[in-house]
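# Notes for the structure review
Here is what each chain is made of, one letter per residue.
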Amino acid sequence: GRLGSLDAPYEGTVALDGNLTEDLLQTIAKSPLFVNADLRVAPASPGKAARLLVLMDHPTATLYVNLEEAGLLCQTTFETSSEGAAGLLKRGAHRVLVTDGGKSASEGRSGDIITQTPPAVMVTRVTGAGDTFMAAHIVSEAQGMERAAALTRALDAAATYVSGETPL
């Protein structure tokens, strides 16, 4: 069924994947049905990062990207996740989360950026780490956690995932 209507736009969280076509992402970005939705967007891979440009200035979109993807969206390179977050915000993004593997992750909005370092773990797998990070962050915020706590929980979940350990 329909998520929203013109009289009652959808107000919940929507996780969007960069595997969607640019046309579909643009339709979602411009749709009055999603004007109040909390859009959470990940590119799926660096090769698909440019598709997110249509959502760059969307007022309710949160972009979840790695450092390479942040650079591709800004047509430059960044040394740190905080630089990547600052670059995306300057480019017009409403809110961003930028990860840099085991080095750092930054969450930024309106020029306010927080950065944390994930726990050091033995990496046994990486495919799916970004999805795990994003899911843990969304759930943490849905449960009412503050920004720093939600970022910490997402980093912990991703670290547990890449280590191959089972969370308690």
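Residues numbered from 1 in each chain as written. Predicted model: local features only at pLDDT ≥ 70, side-chain atom pairs only at ≥ 80, totals over all residues. Heavy atoms only, no water.

We now examine the packing of helix α4 (residues 129-142) against helix α5 (residues 147-163). Direction vectors running N to C along α4 and α5 enclose 145°, while the axes themselves pass 8 Å from each other. The two elements α4 and α5 cross, and the hand of that crossing is right-handed. Together, Ala129, Thr132, Phe133, Ala136, His137, Ser140 and Glu141 of α4 and Ala150, Leu151, Arg153, Ala154, Leu155, Ala157, Ala158, Tyr161 and Val162 of α5 make up the contact between the two elements. A class-by-class count of the residues in the contact of α4 with α5 yields eleven nonpolar, three polar and two charged. (Axes fitted to C-alpha atoms, helices over the stretch in contact; angles between N-to-C directions. Helix = DSSP H or I, 4+ residues; strand = E, 2+ residues; numbered from the N terminus. Left-handed = near helix turned anticlockwise from the far one by under 90°. Contact = heavy atoms within 4.5 Å. Nonpolar A, V, L, I, M, F, W, Y, C, P; charged D, E, K, R; others polar.)

Time to look at the sheet that holds strand β3 (residues 61-66). Pairing is mixed in the open sheet, where six strands are placed in the order β1-β2-β3-β4-β5-β6. Two strands in the sheet have a free side with no partner beyond their single neighbour: β1 (13-17) and β6 (112-116). Neighbour-to-neighbour, the strand axes of this sheet turn through a mean angle of 15°, independent of strand direction. As judged from the five bridges shared by β3 and strand β4 (residues 95-100), these two strands associate in the parallel manner. Note that in β4 the partner of Asn66 across the bridge is Thr99. The sheet strands contacting helix α2 (residues 67-74) are β3 and β4, and the helix crosses β3 at an angle near 115°. Its contacts with the sheet put α5 on β4, β5 (104-109) and β6, and the angle it makes with β6 is roughly 35°. (Pairing = 2+ DSSP bridges.)

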